[in-house]
Amino acid sequence: MTEPLVQVDRHGRVGMITLNRPKQLNALNDALMDQLGAALLALDGDPEVGAIVITGSTKAFAAGADIDAMVDWSYMDVYQGGFITRNWETIRQVRKPVLAAVAGYAMGGGCELALACDIIVAAESAKFALPEIKLAMLPGAGGTQRLPRAIGKAKAMDMCLSARMLDASEADRYGLVSRVVPDAELLACTLALATQIASYSQPALAAIKESVNRAWESSLSEGILFERRELHARFASEDAHEGMKSFLAKRAPVFKHR
Ligand code: DAK
């Protein structure tokens, strides 16, 4: 039996996916991305799961797309095979919060995978780079689009054009990551954060995730309109009434995720 390329564990209401190609520093090949996509969709569809964590090893979150696999591909191979589109974008279908717990290298497609997550918790050892230019390639899994939105054009151009690598404190300063924690605490801190998030009302979390993502992808007025509709929709949710009533009654809310 071959080892699965992703390992899935449950910690209460949190589903944790560990990328599992340690010898190749979790280089992302087609089979791994298929398994990652399947794991994400399974956890997203599980009503007992409220948040998802993706992590790698202590040395590498992921060192990018698998160069070994790509070296002989032709234009027709990638175009007709829907490379990236076919299985790298599954994460965009996930409605639950997805957290990346990053230690070591997050390079190329690995950095892009982290950028596609909703929250990035970085260990002090984390290193982020889009080094595709060194291969005469381009960050083609959202890197040229998500990075400038995350950290601005000046820093993104620098990273994409020069392959500059950011350490965790630079990534924190530029707004690429949400939090930086000591390496030894990465999984515990990310799990605690995911557990806290997973305790909140699922439909409210989904509405917030959709609204923040809308801010990335539309004009301010469109985004505000979307947010307003989502706010109005909260009044159709049992959980929102429970949340407000429990606050007034000075007791803990009991959410039904409805
Ligand atoms: N692919 C395949 N194998 C990799 C790999 C990768 N990205 N990264 C590392 N490995 C393998 C190494 O070849 C080595 O294998 P063995 O020699 O042991 O067989 C093993 O992992 C350990 O790596 P190193 O010996 O190099 O370890 P070091 O600690 O010395 O260095 C490193 C770590 C992360 C600095 C180094 O491995 C490195 O620079 N790796 C490559 C990083 C990189 O260039 N990443 C970007 C990949 S390109 C596209 C869309 C998207 C993309 C492309 C096209 N289209 C729509 C067409 C995205 C492209 C990328 O992500």
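The text that follows walks through the structure, step by step, so that each part is easy to find. (Residues numbered from 1 in each chain as written. Predicted model: local features only at pLDDT ≥ 70, side-chain atom pairs only at ≥ 80, totals over all residues. Heavy atoms only, no water.)

Looking at the sheet that holds strand E8 (residues 127–129)
Pairing is mixed in the open sheet, where four strands are placed in the order E4-E6-E8-E9. Of all strands in the sheet, those bounded by a partner on one side alone are strand E4 (60–62) and strand E9 (166–167). Sheet analysis places strand E6 (residues 105–107) next to E8, joined by three bridges and oriented parallel. Note on E8: the bridge partner recorded for Tyr105 is Lys127. Strands E4, E6 and E8 of the sheet are contacted by helix H4 (residues 109–116), whose axis makes an angle of about 90 degrees with E6. (Pairing = 2+ DSSP bridges. Helix = DSSP H or I, 4+ residues; strand = E, 2+ residues; numbered from the N terminus. Contact = heavy atoms within 4.5 Å. Axes fitted to C-alpha atoms, helices over the stretch in contact; angles between N-to-C directions.)

Structural notes on the side chain of Glu170
Note that Glu170 resides in helix H7 (residues 168–174). Note on Glu170: relative accessible area 15%, which makes it buried. A polar contact of 3.2 Å, which involves the side chain of Glu170, links it to the side chain of Arg164. Apart from residues lying up to four places away in sequence, Glu170 is in contact with Arg164 and Met165. (Buried < 20%, exposed > 50% of the residue type's maximum accessible area, 1.4 Å probe, protein only. Polar contact = N/O pair within 3.5 Å; in protein donor to acceptor, adjacent residues only side chain to side chain.)

A few points about the pattern of salt bridges
By the definition in use, this model includes 13 salt bridges. For Arg10, the salt bridge is made with Asp46, and the minimal N-O distance between the two is 3.1 Å. Here the residue Arg10 occupies a position in strand E1 (residues 6–11), and Asp46 occupies one in the loop between helix H1 (30–44) and strand E3 (51–55), the gap between them amounting to 36 residues. Residue class for Asp46 comes out partly exposed when judged on its relative accessible area of 22%. The residue Arg21 makes a salt bridge to Asp66 at a minimum N-O spacing of 2.8 Å. On the criterion of sequence distance, the pair formed by Arg21 in the loop between strand E2 (14–19) and H1 and Asp66 in the loop between E4 and helix H2 (67–70) is long-range, its members being 45 residues apart. Through salt bridges that share partners, Asp30, Asp34 and Arg86 make up one connected network. (Salt bridge = Lys/Arg side-chain N within 4 Å of Asp/Glu carboxyl O.)

These figures come from the coordinates and say nothing about function on their own.
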